[in-house]
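Geometric and topological summary
Below, each chain spelled out in residue letters.
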Amino acid sequence: MAHEPRVVAELGRPETPDETAARKAESSRIYRSSQNVRNLVAALLATLAVVAVVVFAVPRGSAPERPAIDVAAEAQRISTAEDRTVIVPDMSKDWVVNLAAIDADARVKAFNVVYAPADENKRGFVNVSQGFDADEAWVARVLSGSAPQDTVTIDGITWDRYSLDPERTGNITVALATDAGTDTVLIYGAATKAALEETARSVTDQINELRQEAP
């Protein structure tokens, strides 16, 4: 016995062949779309699993500490290369060395030793700079054209003293400068008066030796 065509409720009549084909095509499309979503979710979960393995499996550890800078060794190396005496500040344990290296502007080579407070909660820095055969304008160039305020005598050595505007000089607030034979020693930074004078005392003997060596 032949079956009567199925009446579709939404239409109130049997589907035409074209409508049947369209309905089946739409059902297939919806099915394929749902499969694609499932596949995408599965791929995402697999990726997250791999990332989790990498994150938790790789050993963790703190970054290696930067090797301590040996100021005396660096000064000796430069002394040999430049055939001259290079000063080595003798600072207290309240300071750590951040840099010990030659720096050169257009006219003057200088050995710079930069110190920072050992206490990480404290801010500031002190730079001890020895300008080799420095001309009279070298200090002014380093200090952005600043002129000395007055002089101060520390351990028998007279220093030019500077009180500076940090906005003009790149965070430098204080400085001391004196001759050391044919060289000039400039101590500057963002530090207290006591810290600056402590630094000056640490190079007193070496400044006197450079003065004696001068022709």
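In what follows, the structure referred to is the one given above.
A brief structural summary. The shown structure was predicted, so the numbers you read here are calculated from the model rather than taken from an experiment. (Residues numbered from 1 in each chain as written. Predicted model: local features only at pLDDT ≥ 70, side-chain atom pairs only at ≥ 80, totals over all residues. Heavy atoms only, no water.)

Regarding helix α6 (residues 204-213)
We apply this condition: Classification of residues uses two cut-offs on accessible area relative to the type maximum, computed with a 1.4 Å probe and protein chains only: under 20% is buried, over 50% is exposed, and between them is partly exposed. Counting from the N terminus, the helices are the DSSP runs of H or I reaching at least four residues and the strands are the DSSP runs of E reaching at least two. In this context, the arc is that of the directions from the helix axis out to the C-beta atoms. When checking whether two residues touch, look at their non-hydrogen atoms; a contact exists if any pair is within 4.5 Å.
All buried positions along α6 are accounted for by T204, I207 and L210. Viewed along the axis of α6, the buried residues span an arc of 125°, placing them on a single side of the element. Seen from the open side of α6, the exposed residues pointing more than 90 degrees away from its buried face are D205 and Q212. Considering only its buried residues, α6 is in contact with β5 (125-131), β7 (157-163), β8 (174-180), β9 (183-190) and α5 (193-202).

With respect to the nonpolar core
What counts here: Among buried residues, the Ala, Val, Leu, Ile, Met, Phe, Trp, Tyr and Cys ones that are joined through side-chain atoms within 4.5 Å form a nonpolar core.
The biggest cluster of nonpolar side chains holds 30 residues, and the ones touching the most others in it are F111, Y115, W159, L176, V185, I187 and I207. Setting aside anything within four residues of it in sequence, one finds W159 in contact with D150, T151, V152, I154, L176, A177, T178, V185, I187, A200, V203 and I207.

Brief notes about a negative patch on the surface
Where we set the bar: Patch definition: residues with relative accessible area over 30% and no salt bridge; like charges joined within 9 Å; nonpolar side chains (Val, Leu, Ile, Met, Phe, Trp, Tyr) joined within 5 Å. Only the protein chains shown count as cover for residues, and the accessible areas themselves come from Shrake-Rupley with a 1.4 Å probe. Any carboxyl oxygen of Asp or Glu that lies within 4 Å of a side-chain nitrogen of Lys or Arg is treated as forming a salt bridge with it. The sign given to each residue is positive for Lys and Arg and negative for Asp and Glu; His and the chain ends receive no count. Here the site of a charge means atom NZ of a Lys, CZ of an Arg, CG of an Asp or CD of a Glu.
Taken together, the side chains of D155, D205, E209 and E213 define an acidic patch exposed on the protein surface. Here D155 lies in the loop between β6 (150-154) and β7.

Thoughts on unusual backbone geometry
Of note, the phi angle at D83 is positive, near 55°, even though the residue is not glycine. By secondary structure assignment, the location of D83 is in the loop between α2 (71-82) and β3 (95-104).

Describing the pattern of salt bridges
Taken as a whole and assessed by the stated rule, the structure comprises eight salt bridges. For D179, the salt bridge identified is with R211, shortest N-O distance 3.3 Å. Taken together, the positions of D179 in strand β8 and R211 in helix α6 put the pair 32 residues apart, joining distant regions of the chain. One network of salt bridges, with partners in common, ties together R84, D133 and D183.

Describing the side chain of S146
Test applied: Polar contact is the term for a pair of N or O atoms within 3.5 Å; when the atoms are in protein, one must be able to donate a hydrogen and the other to accept it, and sequence-neighboring residues count only if both atoms are side-chain atoms.
Tracing the sequence through the fold places S146 in the loop between α3 (138-142) and β6. Of note is the side chain of S146, whose polar atom sits 2.8 Å from the backbone oxygen of L143.

A few points about the sheet that holds β8
Where strands meet in a sheet, backbone hydrogen bonds hold them as pairs that are either parallel or antiparallel. Formally: Between any two strands, at least two bridges found by DSSP are needed for them to pair. Axes, fitted as lines to C-alpha atoms, cover a helix only where it is in contact. Angles between the N-to-C directions of the axes lie from 0 to 180 degrees.
If you trace the seven strands from one edge of the open sheet to the other, you get β3-β4-β5-β9-β8-β7-β6, paired in antiparallel fashion. Here the strands that pair on one side only, and so sit at the sheet edges, are β3 and β6. With strand direction ignored, the average angle separating the axes of adjacent strands in the sheet is 20°. Summarising the sheet, β6 and β7 pair through five bridges and their orientation is antiparallel. Bridged to T151 within β7 is D160. Where α6 meets the sheet, its contacts fall on β5, β7, β8 and β9, and the angle it forms with β8 comes to roughly 35°.

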